[in-house]
Amino acid sequence: MPKVQRIDTKNMSAAQKTLLQFLMLIAFILLVSAVTRYIDYGGVGGNITFSEAGVQLEIPDGTVYDFAYSDILDISLETMPDDLGTCINGDQARALYCGIWENETWGTCILYLDPTLSSVIVMEIPDQTIVINYESDDTTEGLYQAILDAKEAEN
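Everything quoted here is computed from the prediction, not taken from an experiment.

1. Notes on the sheet that holds strand β5 (residues 86-93)
Spatial ordering of the open sheet is given by β4-β8-β9-β7-β6-β5, a layout of six strands whose pairing is mixed. Of all the strands in the sheet, the pair left with one neighbour each is β4 (74-79) and β5. Between one strand and the next, the sheet's axes are offset by a mean angle of 20 degrees, whatever the strand orientation. Across seven bridges, the pairing between β5 and strand β6 (residues 96-103) is antiparallel. Along β6, the bridge assignment pairs Ala 93 with Leu 96.

Following this line, the structure appears as structure tokens:
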């Protein structure tokens, strides 16, 4: 077992002590953030990125769906159904469902959503249905409008 070395703070200057305290605070904040994210998402991976060009969606198995706003054939803001169906490939946690799912509302689709919210954005692109929401119902509605505006600007 490695030997733990103690830091002698008695011989440190005030600036060194302040820097050490600051670094310890940063380490603590990063640790709390990581633990909070793990608890909220249950260790579920995945990522969603919005840019001026389009949306990139990564599901837990590492598959990346990247599409331009101009690829969107249809987009709608809908109410979250009571039954999200069955996860075919992906993960679900208390605050994040992501991956490929099958349900009665959208058939086989790609989900990236917080099941505790009440609204979702449904996007039809060639050969795929993508269903997302983000942070809150207000943010989801704002995101829907932003995607709709970006799609219209490209056409």
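Let us keep going from here.
2. Observations regarding the state of the cysteines
All told, the structure shown has zero disulfides when counted by the stated rule. Take Cys 87: it sits in no disulfide, and the sulfur closest to it among the cysteines is that of Cys 98, at 8.1 Å. Looking at Cys 87, the relative accessible area reads 28%, which means it is partly exposed.

Scoring rules and cut-offs
- Residues numbered from 1 in each chain as written.
- Predicted model: local features only at pLDDT ≥ 70, side-chain atom pairs only at ≥ 80, totals over all residues.
- Heavy atoms only, no water.
- Pairing = 2+ DSSP bridges.
- Helix = DSSP H or I, 4+ residues; strand = E, 2+ residues; numbered from the N terminus.
- Axes fitted to C-alpha atoms, helices over the stretch in contact; angles between N-to-C directions.
- Disulfide = S-S within 2.5 Å.
- Buried < 20%, exposed > 50% of the residue type's maximum accessible area, 1.4 Å probe, protein only.

That's the geometry; what it means functionally is another story.
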